[in-house]
Amino acid sequence: MLRAARFFLVLGYRTDRRRLLTAAILMTIGYLAGPLVGVALGALTNAALDQQTSLAVSLGVCVATLLIFELMMGHFAHLYYFELADLQQLELTDEVARLAHGNPQIDQFDRPRFAELLTLVTEGLQRVRSALEATLQLSGLLLQVTITTVILAMVEPWLLLLPLAALPPVLLNNTAQKVLDSARDASAHEVQLSTHLVSLATTGSSAKEVRLFGAQAPIVARQRAAWSATTARVWSAHRRSALLRAAGQAWFACAYGVAVFLVVRQAVTGSANVGQVVLVITLAVQVSVQVSGALALLGTLQGVGRTVSHVEELRAAVARPASAAGPGQPVPDGAAHPGASGALVGEDPATASSGTVTAPVGEPVGSGGVPARLTRGVRFEDVTFAYPDTDRVILDGVSLDVPAGSTLAVVGDNGAGKSTFVKLLCGLYRPTSGRILVDGVDLRDLDDAEWQARTATLFQDFARFELTIRENVGVGRLASLDVDEDLWAALDRARGRGIVEKQAGGLDQLLGHGYGNGVGLSGGQWQTLGLGRTLLRREPLLLVLDEPAAALDAAAEHALFERFVATADEAGRAGGAITCFVSHRFSTVRDADQIVVLDAGKVREHGDHAALMARGDLYAELFGLQAGAYA
Ligand SMILES: Nc1ncnc2c1ncn2[C@@H]1O[C@H](COP(=O)(O)OP(=O)(O)OP(=O)(O)O)[C@@H](O)[C@H]1O
């Protein structure tokens, strides 16, 4: 809780210190006025009883002024911290978005705790706006309690103990908040499930299948069940925490009764005057209000404190371990590496010619150790991979050379590991053991962002950004976002000019029906824009086409590959780029320089089309089957 207060004060100071200080000063004035009202009222009562009219009137004016200060200063302060709180929320939202993609690898998305943290933080962000206000108010209240206690103790020293009576409610409040927090944490999975089901039932992307399969009712029923399980748990926690809080308040009410009794007894025996009785009654009530106010604020800060610790856990989760080797250091060929046998599938002519990869001599090296152009290519060296937090080996001892400027086609059954292979190649995951060498340098030792900036990919599940066409394509190379010439050139390469020219808004036409008045596109049109985005990349060293054509017929797939190949050839000639296709259509992949057949994560065979046909193994069998189907 204190950590949360410090976190938001530091963030506020960093964001706009002038606003923060002004709000704090105004708030302090407001909170100081409260206890002084009690003192002035006591003095006013005595002056009235002593019939000192002008003093009583002055004190009356003083009480009124203090009351106005107490009421108004909080509002003035609000004007300052309100905007600051907005800025803080914005800053944290930015940070969470950055953290979600703060790691060049994407394995964190496969970790349940990471996904859960993102849900908890995203929900928690709604409460963050109240954190600064709670921190400032709590500081004001602590100041107020201190001053009030000192004034009360001057009348009756036993009243010094009054704030101590607030301790049990504070402790009970703590327990109450923990009960609530653990119920919320325990419900995180169900909240995720429920949110996912709501989006399934309400978003356009799943509408067709939901409607045609009549899946609305079961989805809504599952959502209701998930939500009911959550709310039952959270409501029960709310009831228990309300009881705990009420017990704390009741305890304090008793302490207040004793305080008033003590001073009234003094007045009866003549050791206190009426003004002091008024003062104690007024201020003791204030202590009660202050304590319950502080408790509520403590609750708010505790809740926000959970969000702060979740943000800190997220930060820790994306913090990368320092790379042992300096970036961009070429590794001597065949150098021992944990888990690497160095064995290549060397008997094949396609790889035999490039069986050894030596360190580059005199080749220009781009930023982050990534070569300006590939001279030898990429080598998979006994690469084994299992997804995070799983034991199942998806790629098993894959060894392969992909010479610079060549094309590689990856084929195999569903689930054979083809997409996983290309994700490793793109640096989105790290091999569990073995290594991937780029011109002799371990991919681990290259700057991930630089390597990824030199990849041009179009995946099966390519993104459909419900933004403008400009943004859909421009995201491929942000520097070209506002350069129409570059965007049109990429669209021409993807043969997508016609799609854009038909739109009233041209490049700035909004797409999709998620919000605003966007236009809908067909699957093929979205895909063409996706290809445009891929082809906007400059000087790629790796081009990947991972089954983006799964939904297309053979002719359309062929056309798509042709468009891609033109750019791939250019990149291969200019920068030694390698091109990797993943496809189930053998007619599409037959022209690749090298075809690798993955079978349950292992390289079953590889070579060019002629070599594989001559082997008469799985490739030849599947090719024969597909050729027969199209004959
Ligand atoms: N993020 C993930 N976490 C855990 N397992 C995964 C993940 N992604 C894929 N897998 C598993 O890895 C295996 C290989 O998946 P991959 O997508 O690489 O296969 P594929 O050959 O591309 O299949 P397809 O032809 O169906 O696209 C599958 O069994 C899949 O369940």
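Residues numbered from 1 in each chain as written. Predicted model: local features only at pLDDT ≥ 70, side-chain atom pairs only at ≥ 80, totals over all residues. Heavy atoms only, no water.

### Structural notes on the site of the ligand
Our working rule: To be near a molecule or strand, a residue needs just one of its heavy atoms within 4 Å of it. Within 3.5 Å is the distance limit for a polar contact, defined as a pair of N or O atoms, with the added protein rule that one can donate a hydrogen and the other accept it, and that residues adjacent in sequence qualify only through two side-chain atoms. Only the protein chains shown count as covering a residue, and every accessible area follows the Shrake-Rupley method with a 1.4 Å probe. To qualify as a helix, a DSSP run of H or I must reach at least 4 residues; to qualify as a strand, a run of E must reach at least 2; elements of each kind are numbered from the N terminus.
Close to the ligand lie 15 residues, the nearest being Asp110, Arg392, Gly415, Lys418 and Thr420. Between the ligand and the protein, one listed contact pairs an oxygen atom with a backbone N or O atom of Ser419 at 2.9 Å. Burial of the ligand by the protein chains amounts to 70% of its free accessible area of 630 Å². The biggest single contributor to the shell around the ligand is helix α10 (residues 418-425), with three residues.

### Some points on the environment of Ala166
Let me state the cut-off plainly: Note on classification: 1.4 Å probe, protein chains only; a residue is buried when its accessible area is under 20% of the maximum for its type, exposed when over 50%, partly exposed between these limits. Any two residues whose heavy atoms approach within 4.5 Å at even a single point are treated as in contact.
With respect to the element layout, Ala166 can be found in the loop between α3 (112-155) and α4 (167-186). Classification of Ala166 by relative accessible area gives buried; the value is 8%. For Ala166, the contacting residues outside a window of four places in its chain are Phe252 and Val291.

### Observations regarding the pairing of strand β4 (residues 433-438)
As a reminder of what qualifies: Pairs of strands are assigned from DSSP output, requiring at least two bridges between the strands.
Counting buried residues along β4, five of its six residues qualify, which places the element largely inside the surrounding structure. Here strand β1 (residues 377-386) pairs with β4 via five bridges, running antiparallel. Bridge assignment links Arg379 to a residue of β4, and that residue is Leu437. Bridge count for β4 against strand β5 (residues 441-442) is two bridges, and the pairing is antiparallel.

### Some details on the sheet that holds strand β8 (residues 578-582)
Where we set the bar: Axis lines are fitted through C-alpha atoms, for helices just across the contact stretch, and the angle between N-to-C directions can take any value from 0 to 180 degrees.
Read from one edge to the other, the open sheet built from six strands follows the order β6-β7-β8-β3-β9-β10, with strand pairing classed as mixed. Unpaired on one side and paired on the other, β6 (455-458) and β10 (602-607) mark the two borders of the sheet. Taken over all neighbouring pairs, the strand axes of this sheet differ in orientation by 15° on average, direction set aside. Alignment of strand β7 (residues 542-546) against β8, held across five bridges, turns out to be parallel. Bridge pairing links Asp546 to Val582 in β8.

Bear in mind that shape data such as this cannot, by itself, settle questions of function.
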